[in-house]
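# A structural walkthrough
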Amino acid sequence: MLKAAFPGSFDPPTLGHLNIIQRAAGIFDEILVVVAVNRLKKTLFSAEERYAMLCELTENWKNVSVAVCDTLIVEFLQKADIKLLIRGVRGMEDFSFEFELSMMNKALDPGIETIFMTCDPQYSVLRSSFIRELASFQGNVTGMVPPLVARALREKYP
Ligand code: ADP
């Protein structure tokens, strides 16, 4: 039974995140999407809002579930007995950051393996921070996020 976690901020979830989740769900037996609560980072959406959006977005994928983590991700994985951690990579810049993060996680728990999944090309420039900024100027986010996220962004920036 191969169970993997896909942690992130998902502030908000984008079509790039969903593409990774869907593809990972086709490879692994179970995927747990983990909404990370970063104490140092002010997010646009609360952890509860991000959790609710991801639950709705993944409800049709039977082997995908969602959780919130407000501890170190390795501690969360240990408690959930998950040894595989998936991260999406859009390009070299992501890779160098993700590589260092994986080294840090490995130092904290050598039993955890990070698996990098490259994004599909059409999502390579999708980034939650750009989408937040675009939405703050009432820009059109169609094609970047699913409709329910677009609606939630319009509610934040009416
Ligand atoms: P962070 O955890 O750095 O805040 P995010 O929450 O935005 O990052 O993303 C969670 C994971 O999804 C990360 O591994 C990130 O690289 C990946 N990711 C983000 N956007 C995309 C995308 N457009 N395509 C593929 N992977 C992505």
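One can find the structure itself at the top, above this paragraph.
The shown structure was predicted, so the numbers you read here are calculated from the model rather than taken from an experiment.

### Observations regarding a nonpolar patch on the surface
Taken together, Met92, Phe95, Phe99 and Met103 make up a surface patch of nonpolar side chains, about 420 Å² in accessible area. As for its placement among the helices and strands, Met92 is situated in helix α4 (residues 92-108).

### So, the packing of aromatic side chains
Scanning all chains against the criterion turns up 3 aromatic pairs. Measuring from ring centre to ring centre gives 5.4 Å for Phe6 and Phe10, while their planes differ by 65 degrees; the resulting arrangement is edge-to-face. On the numbers, 5.9 Å between centres and 40 degrees between planes, the contact of Phe95 with Phe99 is tilted. With Phe95 and Phe99 both in helix α4 and 4 residues apart, the pair spans about one turn of that helix. Under the relative-accessibility criterion, Phe95 is labelled partly exposed at 32%. Looking at Phe99, the relative accessible area reads 39%, which means it is partly exposed. An aromatic cluster is present here, built from Phe95, Phe99 and Phe116 joined pairwise through their rings. Taking the ring centre of Phe130 as reference, the NZ or CZ of Arg127 above it sits at 5.7 Å.

### Structural notes on the site of the ligand
The full set close to the ligand counts 18 residues, and Ser9, Phe10, His17, Gly88 and Tyr123 are the nearest of them. Note that a nitrogen atom of the ligand is positioned 3.1 Å from one of the side-chain N or O atoms of Arg90. Contact with the protein chains removes 88% of the 540 Å² of surface that the ligand exposes when unbound. Of all the secondary-structure elements, those providing two or more residues to the shell around the ligand are β1 (3-8), α1 (15-25), β4 (84-89) and α4. Among the residues forming the shell around the ligand, the class breakdown is 7 nonpolar, 6 polar and 5 charged.

### Some thoughts on helix α5 (residues 128-136)
Here α5 has its buried residues at Ser128, Ile131 and Ala135. All buried residues of α5 project into a common sector of 60 degrees when viewed along the axis, lining one side. The first or second residue beyond α5 is Gln138, which carries a positive phi of 60 degrees.

What counts as what
- Residues numbered from 1 in each chain as written.
- Predicted model: local features only at pLDDT ≥ 70, side-chain atom pairs only at ≥ 80, totals over all residues.
- Heavy atoms only, no water.
- Patch = residues over 30% accessible without salt bridge, like charges linked within 9 Å, V, L, I, M, F, W, Y side chains within 5 Å.
- Areas by Shrake-Rupley, 256 points an atom, 1.4 Å probe, with all protein chains shown as cover.
- Salt bridge = Lys/Arg side-chain N within 4 Å of Asp/Glu carboxyl O.
- Helix = DSSP H or I, 4+ residues; strand = E, 2+ residues; numbered from the N terminus.
- Phe/Tyr/Trp six-rings, centres within 6.5 Å; stacked < 30°, edge-to-face > 60°.
- Buried < 20%, exposed > 50% of the residue type's maximum accessible area, 1.4 Å probe, protein only.
- Lys NZ or Arg CZ within 6 Å of the ring centre and 35° of its normal.
- Near = heavy atom within 4 Å.
- Polar contact = N/O pair within 3.5 Å; in protein donor to acceptor, adjacent residues only side chain to side chain.
- Nonpolar A, V, L, I, M, F, W, Y, C, P; charged D, E, K, R; others polar.
- Arc of directions from axis to C-beta.

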